[in-house]
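Okay, here's what each chain looks like letter by letter:
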Amino acid sequence: MNKQVASFRRSFQPWDDIDATPFIEFRNVTKRYGAVTAVNDLSLKIFEREFFALLGPSGCGKTTLMRMLAGFEEVSAGSVLLAGNDLVGVPPYRRPVNMMFQSYALFPHMSVEKNIAFGLKQEGMAKADIAARVSKMLELVKMEAFAKRKPDQLSGGQRQRVALARSLAKQPKVLLLDEPLGALDRKLREETQFELVDLQENLGITFMIVTHDQQEAMTVADRIAVMDHGRIVQTAPPTEIYERPQSRYVADFLGDINLVEATFAGTTKGTVSLETSQGGTLKTVGDVSATKGDVVWFAVRPEKLEISRTKPASGDNLFFGEVWDIAYLGDQTAYRVKLDNGIFVKASVLNTRVDVDNPITWEDRVWLSCAPDAAMVLSA
Amino acid sequence: MNRAWSPFNVTSVVAGFAFLYIPILLLIIYSFNESKLVTVWAGFSVKWYAAAFANEALVSAAWVTLRVALVSATAATILGTLAALALAKFTRFRGRFLFSGMVYAPLVMPEVITGLSLLLLFVAMNVDRGIETVIMAHITFSMCFVAVVVQSRLAGLDRSLEEAALDLGATPIRAFFSVTLPIIAPAVLAGWMLAFTLSLDDLVIAQFNSGPGATTLPMKIFSQVRLGVTPEINAVCTILVGLVASGVIIASVTMKRRDVRRMRAEQLAARG
Amino acid sequence: MKAVWNGVVSRSVIWLPYLWLLIFFLAPFVMVAKLSLSEPAISIPPYNPVLTLAEGPAGWWADIKRFSLENYVFITQDSLYWRSYLSSVWIAFVSTFLALLIGYPLAYGMARAPRTLRPLLLMLVILPFWTSFLIRVYAWIGILKKEGLLNQFLLWAHVITEPLTILNTTTAVYVGIVYSYLPFMVLPLYANLERQDLTLLEAASDLGCTRTQAFWKITWPLSLPGVLAGCFLVFIPVVGEFVIPSLLGGADTLMIGRTLFDEFFLNRDWPVSSAVAVILLLILVVPIMLFQRSEARSREAAS
């Protein structure tokens with residue numbers, strides 16, 4: 001484990017503990033719909049109290065995976081275990097798992113409190129206990145004032161809160177969240193993300209969230225699994241998955257990345273040397289299983305590239321080109337630079353000052369550079 | 001899981017459709033019966049069809065019915081479409097409440113009342129009862145059905161289409177004929193077909209409002225049926241059912257084809 | 001000039017149908033109401049006209065003073081009428097319930113059918129609606145009569161030893177009504193059930209409901225507007241039904257539509273039949289208003 005990455009971590013990391021028993025386990029799970037394979041021989045371990053995110057584009061199988069845990073889909077092969085018990089064949093209404101639906105699926109003919117009480121009534125809980133639990137839940141999501149309202153009298157954000165309260169009311173062992181914030185506007189979504197994190201830490205329930213929004217996954221999750229075509233391509237905490245992606249797919253899915261094709265030259269004292277097709281040398285750090293002459297990719301995120309009109313003093317990883325596009329985004333400015341070999345490279349600079357003398361502008365000739373440890377090498 | 005079509009679902013659908021279709025099928029089968037005794041099968045024959053066509057009273061009643069249906073359906077479609085436009089476009093005008101009430105009320109009005117009241121009007125106006133009075137009566141109740149069908153289509157219409165036409169310099173009337181009408185055309189056609197079959201079917205209102213020489217086919221059938229079931233009537237009914245069913249099937253298949261063609265064109269456009 | 005022409009044309013959209021309905025729908029009702037208050041006479045037309053336009057306002061007042069409630073009094077005194085009303089409402093009520101009992105599972109099954117099959121099933125429900133009402137009622141005569149197909153079948157299957165008398169009884173009327181009006185029940189139910197969000201059932205299942213529990217707690221209450229619409233669409237026209245009782249019913253099957261028809265054509269008592277019509281309308285006003293209101297509400301909810 002890389003030292004730098006480890007320092008970013010919180011102390012909660014049961015996935016590194018060999019003795020820890022997983023709370024949820026997918027064992028070689030496959031799901032087919034006719035000729036289509038939605039989930040392909042997938043194995044995954046999730047630990048108690050973890051906030052776990054399944055991230056991927058639509059159609060990658062993440063929702064199917066979650067629905068198999070909830071019981072709405074049966075596995076075609078393999079098994080799903082919860083606290084060591086195989087869930088295969090257990091109907092959804094007998095699973096200690098609750099789900100918050102993407103559409104919220106609030107019962108339109110019931111008031112907010114009836115919605116929240118629904119699962120408890122189903123359990124046969126005593127009336128007084130139901131009332132107490134419902135008011136606790138309303139308080140938890142700050143919806144006390146809306147108890148008597150019907151769902152169609154609520155705003156999108158309020159509905160989201162009711163749906164959350166309803167799925168938490170039964171105190172499930174696992175809460176599943178299917179794109180829970182997809183219907184909210186950006187500001188509200190960001191606020192709600194932090195609330196979700198606080199809630200999860202306070203309740204100590206295992207959360208599993210499905211999302212296609214990488215920022216959301218990185219904000220809320222302890223660990224992220226990136227999925228593609230029914231398989232998990234990488235499972236890691238947010239920092240690691242962003243800073244040390246294992247493939248171009250993961251690097252590209254989370255944030256922006258510049259990729260330069262190169263051949264592997266060798267590793268000396270932890271520094272990896274690559275050769276470009278023009279005969280230049282690129283230096284980076286990291287583990288890569290490659291032998292001399294293999295095709296690999298030099299990868300660097302836009303915010304890690306320095307941009308200047310004068311040639312920088314250190315000579316590593318230098319690119320020269322012309323500013324093609326500028327996007328001023330407020331907090332940062334993104335530049336698209338056309339290198340002399342025709343490749344486009346993105347660089348972004350934080351706008352730390354209000355006024356800049358003689359800022360870089362269109363058609364300026366600029367140098368781009370980065371330190372070896374700011375870049376990475378990808379072999380897949 | 002919940003999406004499955006359970007055996008219970010399949011059974012209730014099959015049983016429901018059996019209930020709906022077996023009587024009609026039996027009627028059709030027994031119209032080809034050789035025997036005069038309608039319910040005893042004595043071999044296949046089309047002789048009752050020949051007999052029906054040879055029956056002058058039946059044939060002339062059929063012609064009366066056809067004329068009434070054609071004229072009343074066409075007039076009802078024009079008036080009904082106008083009524084639908086009025087309700088959809090003019091959300092506020094004097095007497096709108098009464099107007100919409102009069103459009104919707106005939107849909108649920110018992111036919112005996114509609115028939116009786118129209119008859120009293122004709123008597124008070126000193127109009128002799130005949131084919132014209134039947135036509136006017138049919139226009140009145142079927143235009144409301146047309147209005148409802150067209151209005152449901154207008155309700156789903158994107159208002160900005162017509163506004164775009166106006167913006168591009170079309171007069172309201174031109175905008176209607178070049179934009180709105182082509183879009184609601186399927187509903188107008190469906191409304192015409194509905195009005196046509198309503199007129200074709202009607203017994204009670206015609207009974208009240210028709211006069212000598214204007215006996216419609218349902219009136220003729222009704223008076224014969226009261227005397228008992230005859231294979232000749234079975235044959236006439238089979239022809240009627242066949243005509244209407246094939247008309248409806250042809251219309252819906254054509255519309256379906258048009259939809260499919262449009263969808264394909266859209267897909268091609270999206271790809272290109 | 002052109003603008004004026006445009007205005008006239010677009011206003012004609014309103015006044016043409018409006019005028020037609022005023023003359024041929026509203027005015028006739030005034031005639032019925034008026035006639036129900038006048039006296040019968042043996043003449044052509046068979047009543048003493050009251051309120052003729054020619055006499056002017058003074059004459060109208062004289063006419064209004066001649067209005068009498070005699071016909072209504074007559075209706076309340078002759079038990080035939082109020083028994084007909086009661087029996088119509090009862091028959092309509094029972095057959096609405098039976099249609100719901102048969103129509104709900106059918107509509108539910110259709111709504112859960114594979115998506116590709118649904119348009120076909122929908123068309124199969126609508127098709128009988130297009131074919132003649134009279135013919136569909138007529139088809140049952142051959143089935144229900146003593147030597148009819150049902151009795152033949154039951155005798156053949158040894159379910160019965162003596163043919164049953166079904167035709168010309170109230171049972172036959174129920175069969176005919178449920179059969180003829182079933183599409184009216186199924187269509188609004190199907191429209192409702194097909195539109196329902198199936199994730200609600202998943203949510204219910206997630207919160208501990210079995211399939212049956214989820215049906216009664218979610219699907220059924222949400223389908224109530226469809227149930228209501230279907231019931232109104234069957235109940236209202238059935239109360240005034242004429243064809244079915246006169247073809248399938250017996251002499252003792254009283255329905256007000258038939259009574260009115262006989263009163264009009266056999267007894268030629270136009271004032272009394274008008275009074276019968278007015279009362280029938282009054283009975284139906286409440287369900288019609290309720291129906292219009294629930295329709296308006298669901299239209300609002302849809303927009």
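Up top is the structure these notes are about.
Residues numbered from 1 in each chain as written. Chains lettered and ligands numbered in written order. Predicted model: local features only at pLDDT ≥ 70, side-chain atom pairs only at ≥ 80, totals over all residues. Heavy atoms only, no water.

Q: Can you break down a nonpolar patch on the surface residue by residue, with the values?
A: Residues Leu 98 of chain B together with Trp 15, Leu 16, Leu 19, Leu 22, Ile 23 and Leu 26 of chain C make up a contiguous nonpolar surface patch of roughly 560 Å² in combined accessible area. Locating Ile 23 of chain C in the fold gives a position in helix α1 (residues 2-35). (Patch = residues over 30% accessible without salt bridge, like charges linked within 9 Å, V, L, I, M, F, W, Y side chains within 5 Å. Areas by Shrake-Rupley, 256 points an atom, 1.4 Å probe, with all protein chains shown as cover. Salt bridge = Lys/Arg side-chain N within 4 Å of Asp/Glu carboxyl O. Helix = DSSP H or I, 4+ residues; strand = E, 2+ residues; numbered from the N terminus.)

Q: Give a detailed account of the pairing of strand β8 (residues 206-211) of chain A, specifying residues and quantitative values.
A: Residues and elements named next belong to chain A. Counting buried positions along β8 gives 6 out of 6 residues, so the element sits mostly inside the fold. Side chains Thr 206, Met 208 and Val 210 project from β8 onto one buried face, and the interleaved Phe 207, Ile 209 and Thr 211 project onto a second face that is buried too. Strand direction decides the pairing type here: strand β3 (residues 51-55) and β8, joined by 5 bridges, are parallel. Bridge assignment links Phe 52 to a residue of β8, and that residue is Met 208. In this view, the connection linking strand β7 (residues 174-178) to its parallel neighbour β8 by way of helix α6 (residues 186-203) has right-handed handedness. (Buried < 20%, exposed > 50% of the residue type's maximum accessible area, 1.4 Å probe, protein only. Pairing = 2+ DSSP bridges. Right-handed = clockwise from strand over helix to strand, strands pointing away.)

Q: Hey, could you go over the sheet that holds strand β9 (residues 223-228) of chain A for me, with residue numbers and the actual values?
A: Residues and elements named next belong to chain A. Spatial strand order, β6-β7-β8-β3-β9-β10: 6 strands in an open sheet with mixed pairing. The open sheet terminates on both sides in strands that have one partner only, identified here as β6 (97-100) and β10 (231-236). Put simply, the sheet's adjacent strands are angled 20 degrees from each other on average, direction ignored. Across 4 bridges, β3 lies against β9 in parallel orientation. Looking across to β9, one finds that Ala 53 is bridged to Ile 224. Packed onto the sheet, α6 meets β3, β7 and β8 and runs at close to 135 degrees relative to β3. (Axes fitted to C-alpha atoms, helices over the stretch in contact; angles between N-to-C directions. Contact = heavy atoms within 4.5 Å.)

Q: Lay out the pairing of strand β4 (residues 77-82) of chain A in plain terms, naming residues and giving numbers.
A: All names here are of chain A. Note: strand β1 (residues 24-33) against β4, 5 bridges, orientation antiparallel. In the sheet register, Glu 25 faces β4, and the bridge partner there is Leu 81. The pairing of β4 with strand β5 (residues 85-86) spans 2 bridges and is antiparallel. Note on β5: the bridge partner recorded for Leu 82 is Asn 85.

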